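Survey of secondary and tertiary structure
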Amino acid sequence: MSLGFRSVGACAITRRATVLQLRRSGGGVARHGYVLDVIGSFGMGSGMPASRRGTGSVAVRAGSALARRPADKLRLWKMMVQLRAYDERATLLQRQGRIGAYPTFWGEEAIQAAAVLAVGDADWLFLSYRQNAVPVLRGLPPEQAWAYFRGDPRGFFDPSQFGCAPQCVPLATHLPHAVGWAVGRRLQGGDEVALAFFGDGASSEGDAHEAMNLASVLRAPVVFLCTNNQWAISTPLSRQAAVDHLSARAAGYGMPGVTVDGYDPLAVLGAVAEAVDRARSGGGPSLVEASCYRIGPHATADDPSLYRDEAEAALWREREPIGRFERQLQEEGHLATQDIIEEHERAASAMRDAGHRLDRMPVPTGEEMTAHVLAVPPPSWPRSSAPTLATAEQ
Ligand SMILES: Cc1ncc(C[n+]2csc(CCOP(=O)(O)OP(=O)(O)O)c2C)c(N)n1
Ligand SMILES: [Mg+2]
């Protein structure tokens, strides 16, 4: 393996789960010298799809005392269940025509919940479309998040109220925002950290490169959290990047990088918490790659069977993070089967109620939907005050 930096230890990248960490070298290597180090190898069983790369489980390290407290494990699990209930209800709302096209994140709950738990309340989160429920974990009513998918300006929220920047659909454009915000807060004397979510596809964008490079040069307090779900719509990872692990790119920016199993919430929590600690204490940015698989379609308008083998997705579905975490928590004696049933019912019922509240919200008019797009709309744009979307009752 030749990536232009010194490798230590057994660096064979095999189909067995392997965890890589780019650690600052013990001396001798230049200021921004990092060495590629295999820090753990965890058998995940045979029969996993050949396309899986970089999936493993990082040993939970210092900085994540969080991950050892049963109460925090349960909190993390409840957040994941809440995300699952939101996602499944949103998909149903789209199927019933109550919201427009929706990007499901089914299977990515461990990454999102662990990241939110790892940061502090005053830290800011910078989102792409697939993290559309993250503000809900910070108190945004789900119906308001769903109003966005009706093209309704009532779906907008005040970023400073939730510590969440608006979700960005243009890929990676929010990464420079995260760096700018983090540098700005540092200049103002704050110690907050910015955490930016982005995908494997977004990692190829110029904005991602510029953001990571600038953040490292300025030692900005930013955590770059890449959800590597191996697909960018129909583009597989093999056509996206020529490295085995996107975290390896961190070396080129002079920052630490680590790959963790994105289906293991404690692994993500450990890695992100460590990166947050480093950023807050002046150690600069880090790149955390959470490796997983996009189990669902790109969005509700997509049919992945046209471009990939859905039998592969089915194999990944068996490893989805919530059931896996529940089995672990049961083995550790923190959860009973009845607790699991009740929590899922509670979360589903809360989301059903939120769906009813969405139905009671005014349906946006064409004029409202386009009001914030252009200062001077062209004559062809909607001027009607008629509602644009049928509600379930109609
Ligand atoms: C700058 C830009 N180019 C292209 C697109 C079209 N597009 C939307 S989603 C997507 C794939 C993104 O994949 P990835 O970053 O892996 O995120 P994921 O959808 O897997 O969460 C593309 C190409 C876009 N939104 N923005
Ligand atoms: Mg992707």
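Predicted model only: the values in this text are computed from it and were never measured. (Residues numbered from 1 in each chain as written. Chains lettered and ligands numbered in written order. Predicted model: local features only at pLDDT ≥ 70, side-chain atom pairs only at ≥ 80, totals over all residues.)

Some points on the overall build of the chain
A count of helical and extended segments in the chain gives 13 helices and ten strands. Here the chain, with 394 residues, has 44% of them falling under the buried criterion. (Helix = DSSP H or I, 4+ residues; strand = E, 2+ residues; numbered from the N terminus. Buried ≥ 20, exposed ≤ 12 C-beta atoms within 10 Å, placed from the backbone.)

Looking at the site of ligand 1
Surveying the vicinity of ligand 1 reveals 14 residues, the closest of which are L171, G199, G201, A202 and A232. Taken together, the residues of the shell around ligand 1 sort by class into seven nonpolar, four polar and three charged. (Near = placed C-beta within 6 Å. Nonpolar A, V, L, I, M, F, W, Y, C, P; charged D, E, K, R; others polar.)

Things to note about helix α1 (residues 70–95)
For α1, built from 26 residues, the straight-helix expectation of 38 Å at 1.5 Å per residue is met to within 8% by its first-to-last C-alpha distance of 38 Å. G97 lies just past α1 and shows a positive phi near 75°. (Expected span 1.5 Å × (residues − 1).)

Focus on the nonpolar core
With 91 residues, the main nonpolar core has A114, A196, V222, V223, L225, V268 and V272 as its most contacted residues. If near-sequence neighbours (up to four positions away) are discounted, V272 is found in contact with A114, A115, A118, V223, L225 and V288. (Core = buried A, V, L, I, M, F, W, Y, C linked by C-beta atoms within 7 Å. Contact = placed C-beta atoms within 7 Å.)

Comments concerning the packing of helix α6 (residues 174–187) against helix α7 (residues 206–218)
When two helices pack together, you describe them by how their axes are tilted relative to each other and by the distance separating the axes. For the pair α6 and α7, the least separation of the axes is 8 Å and the interaxial angle reads 20°. The angle between α6 and α7 falls in the class roughly parallel. Classified by chirality, the crossing of α7 by α6 is left-handed. Contacts from L175, P176, A178, V179 and V183 in α6 reach D207, A208, E210, A211, L214, A215 and L218 in α7. Across the contact of α6 with α7, the residue classes break down as ten nonpolar, no polar and two charged. (Axes fitted to C-alpha atoms, helices over the stretch in contact; angles between N-to-C directions. Parallel < 35°, antiparallel > 145°, perpendicular 65-115°, else oblique. Left-handed = near helix turned anticlockwise from the far one by under 90°.)

Describing the pairing of strand β9 (residues 257–261)
Burial runs high along β9: five of the five residues are buried. In this structure, β9 lies alongside strand β10 (residues 286–291), joined through five bridges in parallel fashion. Bridging across to β10, V260 finds its partner in A290. For the crossover from β9 across helix α9 (residues 265–280) to β10, the handedness is right-handed. (Pairing = 2+ DSSP bridges. Right-handed = clockwise from strand over helix to strand, strands pointing away.)

What to know about the confidence of the model for the chain
Overall, the predicted model of the chain reaches an average pLDDT of 84, with 80% of residues at or above 70. Note that pLDDT drops below 50 for residues 1–63; the model gives that stretch 125 contacts with residues more than four away or on any other chain. (pLDDT = per-residue confidence, 0-100.)

A word on the environment of P176
For P176, the position within the fold is in helix α6. P176 gets classed as partly exposed once you count the C-beta atoms within 10 Å, which come to 19. Note: C-alpha distance between P176 and L214 (38 residues apart in sequence) is 8.6 Å. Residues contacting P176, with those up to four places away along its chain left out, are D207, E210 and A211.

Observations regarding the environment of F156
Structurally, F156 can be placed in the loop between α4 (142–148) and α5 (159–162). Classification of F156 as exposed rests on a count of 12 C-beta atoms within 10 Å.

Let's talk about the environment of L137
With respect to the helices and strands, the residue L137 is situated in helix α3 (residues 134–137). On the basis of neighbour count, L137 is assigned to the buried category, with 21 C-beta atoms found within 10 Å. The spatial distance from the C-alpha of L137 to the C-alpha of L117 is 9.5 Å, given a sequence separation of 20 residues. Every residue in contact with L137, bar those within four places of it in the chain, is listed here: M79, Q82, A113 and V116.

A few points about the packing of helix α2 (residues 109–118) against α9
Packing of α2 against α9 brings their axes to within 8 Å, and their N-to-C directions diverge by 35°. Where α2 crosses over α9, the two elements pack in a sense that is right-handed. Here A110, I111, A113, A114, A115, L117 and A118 of α2 lie close against α9, whose contacting residues are P265, V268, L269, V272, A273 and V276. Class assignment of the residues belonging to the contact of α2 with α9 gives a composition of 13 nonpolar, no polar and no charged.

Side note on unusual backbone geometry
Notably, A172 is not glycine yet its phi reads approximately 65°, a positive angle. With respect to the secondary-structure elements, A172 resides in the loop between α5 and α6. Even without a glycine there, the phi angle at Q230 is positive, about 70°. Tracing the backbone shows Q230 in the loop between β6 (222–228) and β7 (231–232).

Describing the pairing of β10
Among the six residues that make up β10, six are buried, leaving the element largely enclosed by the rest of the structure. Residues S286, V288 and A290 line one face of β10 and the alternating positions L287, E289 and S291 line the opposite face, and both faces are buried. Where β6 lies against β10, six bridges are found, and the strand directions are parallel. By the bridge assignment for β10, L225 is matched with V288.

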